[in-house]
Amino acid sequence: GRPVRVGRRSPAMGVRVATLAVAFALHNAEELARFDAWDALSGFAPPADRATFPRAVALLTGLVALALGLAAARGLRGGWGWVAGIIAGGLLVNAAGHVGLSLWTAQALPGVVTVLVMGPAAAWLIAGLELSGRAQLAALALGGAVMPAVALAALGLARVTGGLG
């Protein structure tokens, strides 16, 4: 296939990458700030305990920012374009999940407010990549499949590192 390049339609891809990175950081900050709201949600438990969750969020936020920054520095070409697309796809799926579960439970999940920025930022980044429609769907599907595993790995690492200090 042809390499992923910065699209002529959007010469300021760095702005799109930065917007998504900031939106994700704000989303994670909202989840941290509203951690206690998990207790009020019927049928849901917090994704981790109060001590582990902040470390996991910091790890995940840093990993995503680093990967997006490297992708942008490499001009979103080749595999780095796919990295950015897969991250954006995962965050778009995450945003949809927050909105869907909030509607289904008629309760605001922690993080649901900021996904109203993160979701569009993720879609904006994917749309700016020179990917065919099929490749954009593949990035979305791969991101949706990979991000939960990455989040679980961050939680596991946070649990392990919590016992080191």
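Shown above is the structure to which this text applies.
A brief look at the structure comes next. In this text, all values refer to a predicted model and were calculated from it rather than measured experimentally. (Residues numbered from 1 in each chain as written. Predicted model: local features only at pLDDT ≥ 70, side-chain atom pairs only at ≥ 80, totals over all residues. Heavy atoms only, no water.)

1. Quick word on the overall build of the protein chain
Then comes step 1: When you go through the protein chain residue by residue, the secondary structure sums to 6 helices and 0 strands.
Then comes step 2: Of the regular secondary structure in the protein chain, the N- to C-terminal order runs α-α-α-α-α-α.
Then comes step 3: A total of 165 residues make up the protein chain; the buried ones form 39% of that total.
Then comes step 4: Long-range pairs, those at least 24 residues apart, make up 76% of the contacts in the protein chain with a sequence separation of at least 6. (Helix = DSSP H or I, 4+ residues; strand = E, 2+ residues; numbered from the N terminus. Buried < 20%, exposed > 50% of the residue type's maximum accessible area, 1.4 Å probe, protein only. Contact = heavy atoms within 4.5 Å.)

2. Notes on the pattern of salt bridges
Then comes step 1: If you walk through the whole model with that rule in mind, you get 2 salt bridges.
Then comes step 2: Residues E30 and R34 are paired through a salt bridge, measuring 3.7 Å at the closest nitrogen-oxygen approach.
Then comes step 3: The exposure class assigned to E30 is buried, which follows from its relative accessible area of 10%.
Then comes step 4: For D36, the salt bridge identified is with R50, shortest N-O distance 2.0 Å. Residue D36 is located in the loop between α1 (13-33) and α2 (37-40), and its partner R50 is located in the loop between α2 and α3 (52-73); the two are separated by 14 residues in the primary sequence.
Then comes step 5: What makes R50 partly exposed here is its relative accessible area of 49%. (Salt bridge = Lys/Arg side-chain N within 4 Å of Asp/Glu carboxyl O.)

3. Remarks on the nonpolar core
Then comes step 1: Of all hydrophobic cores here, the largest spans 28 residues; its most connected members are L20, V64, L68, L76, L91, M118 and L125.
Then comes step 2: Where this core is concerned, the elements lending two or more residues are α1, α3, α4 (79-105), α5 (115-128) and α6 (133-162).
Then comes step 3: Top contributing element to this core by residue count: α5, with 6 residues.
Then comes step 4: In contact with L125, other than residues within four places in its own chain, are M13, R16, V17, L20, L68, A84 and A88.
Then comes step 5: Core analysis: the next-biggest nonpolar cluster, separate from the first, contains 10 residues, W38, F53, L109 and A158 among them. (Core = buried A, V, L, I, M, F, W, Y, C linked by side-chain atoms within 4.5 Å.)

4. Comments concerning the packing of α1 against α3
Then comes step 1: The geometry of α1 relative to α3 is characterised by a closest axis approach of 10 Å and an angle of 175 degrees between their N-to-C directions. One way to sum up the angle between α1 and α3 is to call them roughly antiparallel. Residue-level inspection shows V17, L20, A21, F24, A25, N28, E31 and L32 of α1 in contact with α3, the latter providing F53, P54, V57, L60, T61, V64, L68 and A72.
Then comes step 2: Residues of the contact of α1 with α3, tallied by class, amount to 13 nonpolar, 2 polar and 1 charged. (Axes fitted to C-alpha atoms, helices over the stretch in contact; angles between N-to-C directions. Parallel < 35°, antiparallel > 145°, perpendicular 65-115°, else oblique. Nonpolar A, V, L, I, M, F, W, Y, C, P; charged D, E, K, R; others polar.)

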